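Here is how the chains run, residue by residue.
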Amino acid sequence: MKGYLVLDFSIKVLESFLEYAKKIPAFIEKHGGRYIVKGVIPEKMEGNWIPERLVILEFPSTEKAKEFLADPEAQDLFAIRHKTTNSQLILAEGCI
C-alpha cells in the first residue's frame with residue numbers, strides 16, 4: 001500500500017525555509033516519493049482543524065516514507081524545517 005506523509009505547517013523564517021524547500025525535492029524523489037499537494041493554503045470545510053499550509057507526499061509504501069524521514073543525508077534539511085516552521089507531520093497508509 002502507498003504511504004502518505006501529510007505536513008501541516010506555518011513558516012516562521014522564510015529566508016531560511018527557502019533553502020529547505022529548494023533542496024528537499026531531491027530527497028523525496030530519491031525515495032520514490034512525489035508531491036500530491038505542495039504548500040497550498042487549504043480551504044476549511046468542516047471542523048476545527050485550520051492548517052496554514054499543507055503538503056501531501058505520496059510514496060510507494062509506508063516503509064519508503066519512513067526511509068525518507070530517516071535518510072541520514074536529509075537530517076540537516078529536516079533540522080532547517082524544524083527551526084523555520086511550526087509543523088505537524090503524520091503518516092497514513094493508502095487503501096489502493
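Residues numbered from 1 in each chain as written. Predicted model: local features only at pLDDT ≥ 70, side-chain atom pairs only at ≥ 80, totals over all residues. Heavy atoms only, no water.

Caption draft 1: Representation of the pairing of strand β1 (residues 3–11). Most of β1 sits out of view: seven of its nine residues are buried. Here β1 runs beside strand β4 (residues 85–93); their pairing, made up of nine bridges, is antiparallel. By the bridge assignment for β4, G3 is matched with E93. (Buried < 20%, exposed > 50% of the residue type's maximum accessible area, 1.4 Å probe, protein only. Helix = DSSP H or I, 4+ residues; strand = E, 2+ residues; numbered from the N terminus. Pairing = 2+ DSSP bridges.)

Caption draft 2: Spotlight on the nonpolar core. In terms of nonpolar packing, the biggest core is built from 17 residues, with Y20, I24, L57, F59 and F68 touching the most fellow members. Of all elements in the fold, only β1, α1 (14–30), β3 (53–59), α2 (62–70) and α3 (75–84) reach the threshold of two or more residues within this core. By residue number, the principal contributor to this core is α1, which donates five residues. Residues in contact with F59, not counting those within four places in the same chain, are K2, G3, L5, I28, H31, G32, G33, K64, A65 and F68. (Core = buried A, V, L, I, M, F, W, Y, C linked by side-chain atoms within 4.5 Å. Contact = heavy atoms within 4.5 Å.)

These figures come from the coordinates and say nothing about function on their own.
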